Amino acid sequence: MKIAIGADHGGYHLKEDLGAFLSAKGHEVIDLGAHVFEPDDDYPDFAGAVAGAVAAGGAERGILVCGSGVGASIAANKFPGIRAAVCHDTFSAHQGVEDDDMNVLCLGARIIGAELAREVAERFLSARFSGLERHQRRVGKVKGFERDFTT
Ligand code: RB5
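Since the model is a prediction, treat every value here as computed from it, not as a measurement. (Residues numbered from 1 in each chain as written. Predicted model: local features only at pLDDT ≥ 70, side-chain atom pairs only at ≥ 80, totals over all residues. Heavy atoms only, no water.)

### Let's talk about helix 2 (residues 43–55)
Spelled out, the test is: Secondary structure elements are defined from DSSP: runs of H or I of at least 4 residues count as helices, runs of E of at least 2 residues count as strands, and each element is numbered from the N terminus. Each helix should span, by expectation, one fewer than its residue count multiplied by 1.5 Å. For each residue, the accessible area found with a 1.4 Å probe, counting protein chains only, is set against the maximum for its type, and the residue is called buried under 20%, exposed over 50%, and partly exposed in between. Only heavy atoms enter the contact rule, under which two residues are in contact if any of them lie within 4.5 Å.
Here helix 2 spans 18 Å end to end across 13 residues, near enough to the 18 Å set by a 1.5 Å rise per residue. Along helix 2, the residues that are buried comprise F46, A47, G48, V50, A51, A53 and V54. In this structure, the buried residues of helix 2 make contact with strand 1 (2–7), strand 3 (61–66), helix 3 (70–76) and strand 5 (104–108).

Printed below as a string of structure tokens:
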């Protein structure tokens, strides 16, 4: 799968680990930065790059890492078409896709270790939206909120 990844200083090292891991698993990983560890960089810059790539169709899914995952998810969710969430467990990572059509996974490198992050990312990437009528209806209502504020 084509995946855009990004991280600020809080998530830089975990992002590097995940990028290498997912590439080795056969995914096409587009690293949108940070490309060097910069202790004063800002998570919205990388959240915007990843969310923008996913929203524009340049990547199918996105993975963002910051210190907690929270700032990155708040920023990414400002982009129309983005459904981002912080998931630090494998159940949320796959159910978020299956039921809610989550397309950006946010991780907090100060919360989760590299091994669990790898498993969470794999469950996120292997999951597919179920397409069940009740889930389409619910996601449709969420998209309706977006339309209300973008027209
Ligand atoms: C940066 O220190 C930190 O605030 C950021 O990585 C993230 O945790 C924000 O939610």
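### Things to note about unusual backbone geometry
Here the amide bond leading from G33 into A34 is cis, since omega sits at 0 degrees, within 30 degrees of zero. Mapped onto the secondary structure, A34 falls in the loop between strand 2 (28–31) and helix 2. Despite not being glycine, D101 shows a phi value in the positive range, around 60 degrees. Assignment of secondary structure puts D101 in the loop between helix 4 (90–100) and strand 5.

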